[in-house]
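Listed below, chain by chain, are the residues.
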Amino acid sequence: DVSSEASGDASGSSAGRSAPGADAGATAEGSSASESAAGDGPTTPELRRSVISSGTVSLAGEDVRETRRDVQRVVDAQGGEITEETTETDSDGDTSYVRMVVRVPSAKFGETMSALEQVGVLRSSDRGSEDVTTQVIDNGARVRAQEASLRRVELLLADARDLKDVIWIESQLTGRQAELDSLKSQQSWLADQTSLSTITVDIST
């Protein structure tokens, strides 16, 4: 039956693809541990961690504009960029406050934070991180499963002859394509957040 075949497709695909990934990870860890204990043979590379790092730095300086330029130099040196900036001036028209949102390569996060903390008089500094390795792996598995599911439903549509089946399968395709688009959006967001760290810098007099 075309309808029942398409209905069971997504769940079967997801289960079929998620489990092997988990088993493979467990096997790799076990293999690495046993080879390390034996002291010979190649070692399996450790699982690459996916971490979202963010921080805030609050600075004070007599010349806010000059301190801002120093922050810019640090960001440029680390290969980052300023993605947002807010500036306030006093009654004389001089810059009294600057707020910047900085994005830097995640590998340079700690180094950038340390450099920024030394730019002016440090009022406060805070840094944190979130390990999203499991989320990244799970999202990737779901994307692959959904893509496979779509391909199979497309084959069912190509073979369908009954109008009712065609209409039903097309609705299935629409729903599953929307879910795939959502999963890919999450995947892109995770890739962006784990490759670039976010640092908010406040500068005041």
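Just so we're clear, the structure is a prediction, and the values are computed from it rather than from any experiment.

J.: I keep staring at the overall build of the protein and nothing clicks. Help me out?
T.: The number of helices and strands found in the protein is six helices and five strands. Relative to its full complement of 205 residues, the protein shows a buried share of 31%. With the model as given, the accessible surface of the protein reaches about 12100 Å², and the carbon-plus-sulfur share is 48%.

J.: Honestly, a negative patch on the surface in this entry has me stumped. Any pointers?
T.: There is a patch of like negative charges on the surface, built from E62, D63, D90, D92 and D94. When you line up the elements, E62 lands in the loop between strand 1 (51-60) and helix 3 (64-77).

J.: It is not clear to me how the pattern of salt bridges should be interpreted in this structure. Could you clarify?
T.: Pairing between side chains of opposite charge can happen when their charged atoms approach one another. Inspection of the entire model under this criterion finds eight salt bridges. Among the salt bridges present, the one from R73 reaches E66, with a minimum N-O distance of 3.3 Å. Given a relative accessible area of 48%, R73 falls into the partly exposed group. E66 sits in the partly exposed class, given a relative accessible area of 30%. For D70, the salt bridge is made with R73, and the minimal N-O distance between the two is 2.1 Å. Taken together, the residues span about one helical turn, with D70 and R73 both in helix 3 at a distance of three residues. D70 sits in the partly exposed class, given a relative accessible area of 22%. Linked by salt bridges that have partners in common, E66, R69, D70 and R73 make up one network.

J.: How should helix 3 be read in this particular structure?
T.: Since there are 3.6 residues in each turn of an α-helix, residues three or four apart along the chain are aligned in direction. The end-to-end C-alpha distance of helix 3, which contains 14 residues, comes to 20 Å, matching closely the 20 Å that a straight helix rising 1.5 Å per residue would cover. When we look at burial in helix 3, the residues that qualify are V64, T67, R68, V71, V74 and V75. Taken end-on, helix 3 shows its buried residues confined to a sector of 115°, consistent with a single buried face. Turned more than 90 degrees from where helix 3 packs its buried face, R65 and A77 sit exposed.

J.: Just checking my understanding: could you explain the sheet that holds strand 2 (residues 81-89) for this structure?
T.: What holds strands together in a sheet is hydrogen bonding between their backbones, with the strands either parallel or antiparallel. One open sheet holds the five strands; their spatial order is 2-3-5-1-4, and the pairing between them is mixed. Of all the strands in the sheet, the pair left with one neighbour each is strand 2 and strand 4 (121-131). Pairwise comparison of adjacent strand axes, ignoring direction, gives a mean angle of 10° for this sheet.

J.: What is the right way to read the pairing of strand 5 (residues 196-204) from this model?
T.: Looking along a regular strand, one sees side chains alternate from face to face of the sheet. Among the nine residues of strand 5, seven are classified as buried, and the element is accordingly described as predominantly covered. One ladder, built from seven bridges, connects strand 1 with strand 5; its direction is parallel. In the sheet register, S54 faces strand 5, and the bridge partner there is T198.

J.: Any chance you could explain the nonpolar core here in plain terms?
T.: Nonpolar side chains tend to gather and get buried jointly when the protein is soluble and globular. Counting residues in hydrophobic clusters, the biggest one holds 17 residues, and the most contacted among them are V71, L116, I199, V201 and I203. What V201 contacts, discounting residues up to four positions off in sequence, is V57, L59, V71, V98, R99, M100, V102 and L116. In terms of nonpolar packing, the next biggest core, distinct from the first, is built from ten residues, L150, A160, I169 and L173 among them.

J.: Where do I start with the pairing of strand 3 (residues 95-105) in this structure?
T.: Extensive coverage of strand 3 is indicated by the burial of eight of its eleven residues. Examined bridge by bridge, strand 2 and strand 3 share eight bridges and lie antiparallel to one another. Of the residues in strand 3, the one forming a bridge with T87 is V98. Between the antiparallel neighbours strand 2 and strand 3 lie five residues, among them G93 with a positive phi of about 85°. Taken together, the nine bridges between strand 3 and strand 5 define a ladder with antiparallel strand orientation. By the bridge assignment, M100 is partnered in strand 5 with V201.

Parameters at a glance
Residues numbered from 1 in each chain as written. Predicted model: local features only at pLDDT ≥ 70, side-chain atom pairs only at ≥ 80, totals over all residues. Heavy atoms only, no water. Helix = DSSP H or I, 4+ residues; strand = E, 2+ residues; numbered from the N terminus. Buried < 20%, exposed > 50% of the residue type's maximum accessible area, 1.4 Å probe, protein only. Areas by Shrake-Rupley, 256 points an atom, 1.4 Å probe, with all protein chains shown as cover. Patch = residues over 30% accessible without salt bridge, like charges linked within 9 Å, V, L, I, M, F, W, Y side chains within 5 Å. Salt bridge = Lys/Arg side-chain N within 4 Å of Asp/Glu carboxyl O. Lys, Arg positive; Asp, Glu negative; His and termini not counted. Charge placed at Lys NZ, Arg CZ, Asp CG, Glu CD. Expected span 1.5 Å × (residues − 1). Arc of directions from axis to C-beta. Pairing = 2+ DSSP bridges. Axes fitted to C-alpha atoms, helices over the stretch in contact; angles between N-to-C directions. Core = buried A, V, L, I, M, F, W, Y, C linked by side-chain atoms within 4.5 Å. Contact = heavy atoms within 4.5 Å.

Interpretation in functional terms is not warranted from these geometric data alone.
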